Amino acid sequence: MATEVLMSKMEKGFDSDKPMFPISVIADLLQVHQRTLRIYNEEKILVPERSPKNRRLYSFNDIEKGKFIQYMSRELGINIIGIKIIFELLKQQKVKAEDQKAFIDEIAKNINITHEMQQQNKEKLSRRGRKPATVA
DNA sequence: TTTCTAACA
DNA sequence: TGTTAGAA
């Protein structure tokens, strides 16, 4: 459903920064509750534009950032405060958006966060009623 | 109908 | 984090 909406937008050609997707599409795509996205908004981790009617409008870049957040949260087990700190660090280090996942992965590797440990994190989180990670 | 905020479970 | 009430 959300994917079809995305594809139709992509076919036309688009600005990756252009706000165009409502919260329902992003929630569907990332498999998170809308509440979670609103929390990300409140915590300033993922802040979308707003429509004239105050509706949140996410850009393609926001979606990519959302995927990264889900990766850190679900795969690495980092909480929102940790993610805030990481984003601030990435900003201070001027790490480009395309390099951020590799940057974090390298650190995870250095402190021995193995795939087994990531799997354990996923299991822990899913046992707490959270949906298993789908985002790569 | 969908999304908003805010509060409760 | 998930769910819901009431407003827009």
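Structure first, text after, so check above.
This structure is a prediction, so every number in the text was calculated from the model and none was measured. (Residues numbered from 1 in each chain as written. Chains lettered and ligands numbered in written order. Predicted model: local features only at pLDDT ≥ 70, side-chain atom pairs only at ≥ 80, totals over all residues. Heavy atoms only, no water.)

Around DNA strand B, the structure places P22, I23, S24, Q34, R35, R38, R50, N54, R55 and R56. Atoms of DNA strand B within 4 Å of the protein belong to the sugar or the phosphate in 74% of instances, the rest to bases. Interatomic distance of 2.7 Å between a side-chain N/O atom of S24 and a phosphate oxygen of DNA strand B. At a separation of 2.9 Å, a base oxygen of DNA strand B approaches a polar side-chain atom of R55. Elements represented by at least two residues in the surface near DNA strand B include exactly α2 (23–30) and α3 (34–42). For the surface near DNA strand B, the element with the most residues is α3, which contributes 3 residues. Of the residues that constitute the surface near DNA strand B, the class distribution is 2 nonpolar, 3 polar and 5 charged. (Near = heavy atom within 4 Å. Polar contact = N/O pair within 3.5 Å; in protein donor to acceptor, adjacent residues only side chain to side chain. Helix = DSSP H or I, 4+ residues; strand = E, 2+ residues; numbered from the N terminus. Nonpolar A, V, L, I, M, F, W, Y, C, P; charged D, E, K, R; others polar.)

Helices that pack against each other are described as a pair by the angle of their axes relative to one another and the distance between those axes. Between helix α4 (residues 60–75) and helix α5 (residues 80–92), the least distance of the axes is 11 Å, while the angle of their chain directions is 125°. Viewed along their axes, α4 and α5 adopt a mutual orientation that is oblique. As for the relative orientation of α4 and α5, their crossing is right-handed in sense. Contacts between α4 and α5 involve K65, F68, I69, M72 and S73 from the former and I83, I86, F87 and L90 from the latter. (Axes fitted to C-alpha atoms, helices over the stretch in contact; angles between N-to-C directions. Parallel < 35°, antiparallel > 145°, perpendicular 65-115°, else oblique. Left-handed = near helix turned anticlockwise from the far one by under 90°. Contact = heavy atoms within 4.5 Å.)

This part takes up the nonpolar core. In this structure, L37, M72 and F87 are the most contacted members of the largest nonpolar core, which totals 26 residues. Elements supplying a minimum of two residues to this core: α2, α3, α4, α5 and α6 (100–110). When near neighbours in sequence (up to four residues on either side) are disregarded, M72 contacts G77, I78, I83, I86, F87 and I104. (Core = buried A, V, L, I, M, F, W, Y, C linked by side-chain atoms within 4.5 Å. Buried < 20%, exposed > 50% of the residue type's maximum accessible area, 1.4 Å probe, protein only.)

Shape descriptors only; they carry no functional weight alone.
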